[in-house]
Amino acid sequence: MPNWNEVLNKIEKTRHDLANKSQSSIDTIRRSYLEKLYKKTGRNVIAYYSAFLSKPKIESSITDEDKNGFMMAVHGLDRNKGVDLILHTPGGDIPATESLVNYLHKMFGNNIRAIVPQIAMSAGTMLACSCKSILMGKHSNLGPIDPQLSGIPAHGVVMEFQRAFEEIKQNPEKAVIWAQIISKYHPTFLSQCENAIKWSHSFVQKQLKSVMFEDEKDADKKADEITKKLSNFDDNKTHARHIHIDECKQLGLKIEDIETNPEIQDLILTVHHCYMHSLMNTPTFKIIENHNGVAFAKQQLMQIAQ
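Conventions used here
Residues numbered from 1 in each chain as written. Predicted model: local features only at pLDDT ≥ 70, side-chain atom pairs only at ≥ 80, totals over all residues. Heavy atoms only, no water. Helix = DSSP H or I, 4+ residues; strand = E, 2+ residues; numbered from the N terminus. Buried < 20%, exposed > 50% of the residue type's maximum accessible area, 1.4 Å probe, protein only. Contact = heavy atoms within 4.5 Å. Areas by Shrake-Rupley, 256 points an atom, 1.4 Å probe, with all protein chains shown as cover. Pairing = 2+ DSSP bridges. Salt bridge = Lys/Arg side-chain N within 4 Å of Asp/Glu carboxyl O. Disulfide = S-S within 2.5 Å. Phe/Tyr/Trp six-rings, centres within 6.5 Å; stacked < 30°, edge-to-face > 60°.

In this section: the overall build of the protein. Within the protein, the regular secondary structure consists of twelve helices and 13 strands. Out of the 306 residues in the protein, the part that is buried amounts to 49%. Relative to all contacts within the protein whose residues are 6 or more apart in sequence, the contacts with residues 24 or more apart total 73%. Working note: accessible area of the protein is about 14,600 Å², and carbon and sulfur atoms make up 52% of it.

All right, on to the sheet that holds strand β4 (residues 119-120) then. An order of β4-β6-β9 is seen for the three strands of this open sheet, with the pairing classed as mixed. On the outer flanks of this sheet lie β4 and β9 (243-244), each paired with one strand and no other. Bridge count for strand β6 (residues 141-142) against β9 is two bridges, and the pairing is antiparallel. Note on β9: the bridge partner recorded for L142 is I243.

At S122, a position not held by glycine, the phi torsion is positive, near 50°. Tracing the backbone through its elements, the reader meets S122 in the loop between β4 and α5 (123-128).

Glancing now at the pattern of salt bridges. Following the criterion strictly, the structure yields 20 salt bridges and no others. A salt bridge links R30 to D27, with the shortest nitrogen-to-oxygen separation between them at 2.9 Å. Taken together, the residues span about one helical turn, with R30 and D27 both in helix α2 (residues 22-41) at a distance of three residues. When sorted by exposure, R30 lands in the same class as D27, which is buried. Among the salt bridges present, the one from E167 reaches R163, with a minimum N-O distance of 2.8 Å. Within this pair, E167 and its partner R163 are both found in helix α6 (residues 154-170), separated by four residues, close to a single helical turn.

A full pass over the atoms with the stated rule returns zero disulfides. Cysteine C131 shares no disulfide, and the gap to the nearest cysteine sulfur, in C129, comes to 8.6 Å. Between C248, a cysteine without a disulfide, and C129, which holds the nearest cysteine sulfur, the sulfur-to-sulfur distance is 8.2 Å.

The next subject is the pairing of strand β1 (residues 44-50). Where burial is concerned, most of β1 is hidden: seven out of the seven residues are buried. With burial as the criterion, each face of β1 is covered, one bearing N44, I46, Y48 and S50 and the other bearing V45, A47 and Y49. Of the strand pairs in this sheet, β1 and strand β2 (residues 83-88) are connected by six bridges, and their pairing is parallel. Across the sheet, the residue bridging to V45 is D84, located in β2.

With that settled, the discussion passes to the packing of aromatic side chains. Scanning the model with the defined rule gives four aromatic pairs in all. Here the aromatic rings of Y185 and F189 are separated by 5.4 Å at their centres, their planes lie at 25°, and the arrangement is stacked. Ring-pair connections join several aromatic residues into one group, and the members of that group are F161, Y185 and F189.

So, in structure tokens, the structure goes:
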């Protein structure tokens, strides 16, 4: 199967052959390989891609609007075949993620598998943990699930308040210093952080227990241990930490190695290269697309559905 440069060369050749716009040739090549992946696995395929790497200044995280794209992608599919979700996302809104997972489970039951060709962080990790298993390669990674509120780590805020309490308790003179820091937080912000932590933890724990470890005797224990590790702010240090395949296995997640099947690996990586070219070389910054070529694409200054 083609590598990055070979995919680009094929796009250029197709554009020349079609005597059409560059985006049309990119779409043609991308969809052809998405269909090949479907034919190889026999499972429905829905790709969810965000341009957070190539267009970092554009907000492309998970939102409630994404459900419209997934509804388009699911429509007309044979749901008995299950679905493979190809995820490339920085994460996003917890309520939107929870609602999206709820919808997908209503459509496909627990017959959902995640494929992470490169990065699925934060709420993207939560999406992956809501599947029966996760396909990853040596280059793939998930991320911590500790929530962020307006870009501020909720765990960090709680820890900061705890530290302030202890330091002031031991030395009341420090109250003046801490007052300047804490005053920057709006009222109820601490409670919002605490609730967000509980929410993300309980959601992932529930999904792992009822989906990934469905009907297993020690499902509760496995789900609890994995959730604690994924949300451990002290160990992970930063929300942007990359958790690679070996560590994901050590955590106890059900991980399938993409490399065990060279043909599947080539198809997944070629599809990934196609989407990266699409996001880099067009105004598009988010794509939700199925193997039939039904796509919901968001572009700068405009939104199209096709």
